Amino acid sequence: MNKKWITGSKLWSVAMITAMLAACSSPAATNSTANAATSTTGTTKTVSVSEQTSVKYADLVSLDADDTNVSWSETDSTTIKLSGKTATVTGSGAKAANGSVTISEAGTYVLSGELTDGQIVVNVTDKGTVHLVLNGATIHDNDSAAIYIKEAGKAVITLQEGTENAVSDGTTYVYADDATDEPDAAIFSKADLTFNGTGKLNVTGNYNEGITSKDDLIIVSGTINVKAADDGIKGKDMLAVQEGTITVDAEGDGMKSTNDIDAEKGFVAIAGGTFDIQSGNDGIQAETALVTDGGTFNIVTGGGSANAPAKAEEGPFGGGGGTPPTDMGTPPDGEPPADMPAADGTNAAGTAPASSADKASTTASDADAATTTTTETESTSAKALKAGADLTVNGGTYTIDSMDDSLHSNSNVTINDGKITLESGDDGIHADLALTINGGTINIAKSYEGLEGATITLNDGDVDVTSSDDGVNASGDITAATADAAATTEEDNTQTTDATTASNISVTETTGKTSTTTDTDQSTDASGNTRPQGGAPGGMPGESAGNSELHINGGSLTVNADGDGLDSNGSIYMTGGTVIVNGPTNDGNGPLDYDGTFELSGGYLIAAGSSGMAQGTSESSTQNTIVMTFPETQKAGTLVHIQDSDGNNIITFAPAKDYQSVVISSPDLKEDGSYEIYSGGTSTGTATDGLYTDGTYSGGTKVVTFQSTSNVTWVNESGVTTANTGMGGPGGGRGQGGFGGGRNRTESGTTTDSTSTNATDSENSAK
């Protein structure tokens, strides 16, 4: 498919981002090149792939008078009374024959009674509107759709107030010939189909689907319960819900829109309602855009997160972060160990390892098995909210337990508001391109990775993440080719309106002040890769930083991760907000992990976890940071307390997990300040996510006293030391210089948290 329809503003947007990404993907300069990189905080505009999208239900859906019409009278309508395998028609426009009723004229038709094996067929060739009123009707067809809208301009089904109605089909359909494959749903329409009214409708799709429209499908109101052998509710060109109570139990997808040909169609838009969806595959799936303004959603996909296949971290040391192998060393002569394969597959002696032949003999079969496994894996998608283009959440309450990603977009995800509680067998929230959070309360109680996107931006909101691997993962480099591919996706798959033009890949405006660093502020490793001074180098040796980015401009983010806490294949920029990381307990991962730089200019950062891969912030930061490495692992709940030389509280924090390193940044830290770090003790303050506010700290053991020496000060029990190399190893140890505080120092301290950090205040100050 090679559609070419880029409107003016979108063309400009794609051109701008392509130019930006081309610059971002150029080779990194060495120290001798003064090549400036700019980050933003405050009120400066910057180009970014993260943009708050303003698209809402009303931008995509407009209702006409027929959609909302629920009125009828006996004098102006045709009455159809169903009885067993027959029906009685009173009025014009419809005929009953052979147990079925055929409607051939536009008008209003009121159905009541029970049809045990027959069909309601609408075949109006003049394209008029047919209004079906289900007034206590039960309709079943053993071998076809019970209601079949074969031809009409539009069909409107009203669920009469105070009535309960039922529509069902059989498990086997009889078609005219082998080339015919529709209808294939209990209610099937080739025309636009609308449901309204306040009555109740139970739909059972025993053969395949419950409700299907080959054009638009709109639910204005009503109580609709669907049980289906495959998909529950499907509108090809559009699925829109304004209000209603909807329950879906589907073996396939719960609710979906499927048009993948017309870029202005194939979307799902929801203004409100109550949704209870249990699906074998995706819960709500849009071929293009998915927009939810509000509503209450309870969604379980694939049997829930407990049914997700086991995963292993795709990191250097495997499985959940793991620990570094003990046999990675190189002998003093510089030759690799005898059994270690060289780049050509041989060992140091020039021969293949003993097991190579065996491995080679199984390569073909393994490849076939891998291909089969991949195909099977890709054929099953059990995501809760899934969009082929942009996914936008403007509000609502969501309780999701998904086998696959809970929220997923092949393009961008934007969350503007809402209360979202997720348990995911894979990613909590995933965007192939940009993930932007502008507000709301998000609790990812279970996930493999919590937040994932090529660019992740937190502008506001309260986010709590628990993950078995990385908590926040900015990965998947955005290149010019990616931008072109995204443009094609937009051309082929997205709804185009003035509201959506500003979303997808575009130019964004963030707040803050600009800080500029040059490559002279960075060092270069042996492989020629730039690395920030002050923070430990990110990634594995020989790797260069990608252009993925994590931006934190406000709000609060709390992470409990078994893998990396905050992970960016590129850089991290923090201008405000409060970030608390309870990171890994193994040395194969770190509380912070970035391959570029971590530029911090505002907000509060606390990241506790293992010490082997610990990183701090970059020297290019304008706010000061302390990185403390303890001589041994501290037990979960053991307080970390930092105060200045006058006894003023800086931070009192209780990590939720065992830890050996803590990264702390606060606006209260000064580059030339004198500080004391205590371990243990108690606080009379109030703890939120382990961070204490107000109250008095006492009873702890002083670990070290030191003088801050730079924007990023690394400290152990002996005082100021050097940055971690980032390649594992024990924490603590004797560093260079510093103020007092030996390994066994037992001086206790008491301080009043008169200047305690307040998460709410920090959020407000960052806005």
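Model, not experiment: these values are computed from the prediction.

Thresholds, definitions, all that
- Residues numbered from 1 in each chain as written.
- Predicted model: local features only at pLDDT ≥ 70, side-chain atom pairs only at ≥ 80, totals over all residues.
- Heavy atoms only, no water.
- Helix = DSSP H or I, 4+ residues; strand = E, 2+ residues; numbered from the N terminus.
- Buried < 20%, exposed > 50% of the residue type's maximum accessible area, 1.4 Å probe, protein only.
- Contact = heavy atoms within 4.5 Å.
- Areas by Shrake-Rupley, 256 points an atom, 1.4 Å probe, with all protein chains shown as cover.
- Salt bridge = Lys/Arg side-chain N within 4 Å of Asp/Glu carboxyl O.
- Phe/Tyr/Trp six-rings, centres within 6.5 Å; stacked < 30°, edge-to-face > 60°.
- Lys NZ or Arg CZ within 6 Å of the ring centre and 35° of its normal.
- Pairing = 2+ DSSP bridges.
- pLDDT = per-residue confidence, 0-100.
- Polar contact = N/O pair within 3.5 Å; in protein donor to acceptor, adjacent residues only side chain to side chain.

Peer 1: Before we move on, could you go through the overall build of the protein and cite the residues and values that matter?
Peer 2: From N to C terminus, the protein includes eight helices and 63 strands. Expressed as a percentage of the 767 residues in the protein, the buried residues total 56%. Pairs at least 24 apart in sequence give 60% of the contacts found in the protein among residues at least 6 apart. Only carbon and sulfur atoms are counted for the fraction: they give 46% of the accessible area of the protein, which is about 29500 Å².

Peer 1: Quick one: what's the story with the pattern of salt bridges, residue by residue and with numbers?
Peer 2: Applying the stated criterion across every chain yields a total of 17 salt bridges. The closest approach of N and O atoms between lysine 214 and glutamate 182, which form a salt bridge, is 2.9 Å. Of this pair, lysine 214 sits in the loop between strand S16 (209-213) and strand S17 (216-219) while glutamate 182 is found in the loop between strand S12 (164-169) and strand S13 (185-189), placing the two residues 32 residues apart along the sequence. Judged by relative accessible area, lysine 214 falls into the partly exposed class, the value being 29%. On the accessibility criterion, glutamate 182 (22% relative accessible area) is partly exposed. The partner of aspartate 237 in a salt bridge is lysine 265, and the shortest N-O contact between them spans 3.8 Å. Of this pair, aspartate 237 sits in the loop between strand S19 (233-235) and strand S20 (238-241) while lysine 265 sits in the loop between strand S22 (255-257) and strand S23 (267-270); the two residues are 28 residues apart in sequence, bridging distant segments of the chain. A relative accessible area of 32% places lysine 265 in the partly exposed class. When salt bridges with common partners are traced through the structure, they connect Asp64, Asp67 and Lys154 into a single cluster.

Peer 1: Can you explain the packing of aromatic side chains? Please cite residues and give values.
Peer 2: Here the structure, examined in full by the defined rule, presents nine aromatic pairs. Ring geometry for phenylalanine 275 against phenylalanine 297: centres 4.6 Å apart, planes inclined by 5°, an arrangement best described as stacked. Of this pair, phenylalanine 275 sits in strand S24 (residues 274-279) while phenylalanine 297 sits in strand S27 (residues 296-301); the two residues are 22 residues apart in sequence, bridging distant segments of the chain. For the pair phenylalanine 275 and phenylalanine 297, a shared accessibility class is recorded, and that class is buried. Aromatic rings pair up to connect Tyr173, Tyr175 and Tyr207 into one cluster. Lysine 311 extends its terminal NZ or CZ atom over the ring of tyrosine 448, reaching a point 5.6 Å from the ring centre.

Peer 1: Please give an account of the pairing of S23 that cites residues and values.
Peer 2: Residues of S23 alternate between two faces, with Phe267 and Ala269 on one and Val268 and Ile270 on the opposite face, all of them buried. In terms of strand pairing, S20 meets S23 through four bridges, oriented parallel. Residue pairing for S23: leucine 239 is matched across the bridge by valine 268. Note that S23 and strand S26 (residues 290-292) share three bridges and pair parallel. Each bridged residue has a counterpart across the sheet, and for valine 268 the counterpart in S26 is leucine 290.

Peer 1: Outline the confidence of the model for the protein, supporting the account with residue identities and numerical values.
Peer 2: Do not read the fine detail of predicted coordinates wherever pLDDT is low. With 70% of its residues at a pLDDT of 70 or more, the protein shows a mean pLDDT of 78. Under a pLDDT of 50 for its full length, residues 726-767 has, in the predicted model, 126 contacts with residues more than four places off or in other chains.

Peer 1: Residue-level account of the side chain of serine 305, with values.
Peer 2: Relative to the helices and strands, serine 305 is located in the loop between S27 and helix H4 (356-361). In this structure serine 305 comes out as buried when scored by relative accessible area, which is 6%. A polar contact is formed between the side chain of serine 305 and the side chain of lysine 446, at a distance of 3.3 Å. In this structure serine 305 touches Asp401, Ser402, Met403, Glu423, Ser424, Gly425 and Lys446, once residues within four positions along its chain are discounted.

Peer 1: Now, about the pairing of strand S52 (residues 625-634): what can you tell me, with residues and values included?
Peer 2: Burial analysis of S52 places seven of its 10 residues in the buried class, the great majority of the element. In this sheet, strand S55 (residues 659-665) lies alongside S52 in antiparallel orientation, the contact comprising six bridges. If you follow glutamine 634 over to S55, its bridge partner there is tyrosine 659. Bridging between S52 and strand S61 (residues 712-716) involves four bridges; their strand directions are parallel.

Peer 1: Can you break down the environment of alanine 152 residue by residue, with the values?
Peer 2: Considering the arrangement of structural elements, one finds alanine 152 in the loop between strand S10 (147-151) and strand S11 (154-159). Separated by 24 residues in the primary sequence, alanine 152 and glycine 128 place their C-alpha atoms 5.8 Å from one another. Residues in contact with alanine 152, not counting those within four places in the same chain, are Val122, Val124, Lys127, Gly128, Val130 and Ala191.

Peer 1: Can you tell me about the environment of histidine 430, naming the residues and giving the values?
Peer 2: Mapping histidine 430 onto the fold places it in strand S34 (residues 427-431). Linking histidine 430 and serine 406, residues 24 residues apart in sequence, is a C-alpha distance of 8.1 Å. Once you skip the residues sitting within four places of it in the chain, histidine 430 turns out to touch Asp405, Leu407, His408, Ser409, Val413 and Glu452. In this structure the side chain of histidine 430 is engaged in a polar contact, spanning 3.0 Å, whose partner is the side chain of aspartate 427.

Peer 1: Go over unusual backbone geometry with me, naming the residues and quoting the values.
Peer 2: With an omega of 10°, the peptide bond between glutamate 182 and proline 183 qualifies as cis. Mapped onto the fold, proline 183 is located in the loop between S12 and S13. Its identity as a non-glycine residue notwithstanding, asparagine 98 has a phi of 55°, on the positive side. Locating asparagine 98 in the fold gives a position in the loop between strand S5 (94-97) and strand S6 (100-103). With a phi angle near 55°, aspartate 689 is a residue other than glycine that sits in the positive phi range. Assessed through its relative accessible area of 40%, aspartate 689 is described here as partly exposed.

Peer 1: With reference to specific residues and values, describe the environment of glycine 695.
Peer 2: You can see glycine 695 is positioned in the loop between strand S59 (691-693) and strand S60 (696-707). A C-alpha to C-alpha distance of 6.3 Å links glycine 695 and serine 683, two positions 12 residues apart in sequence.

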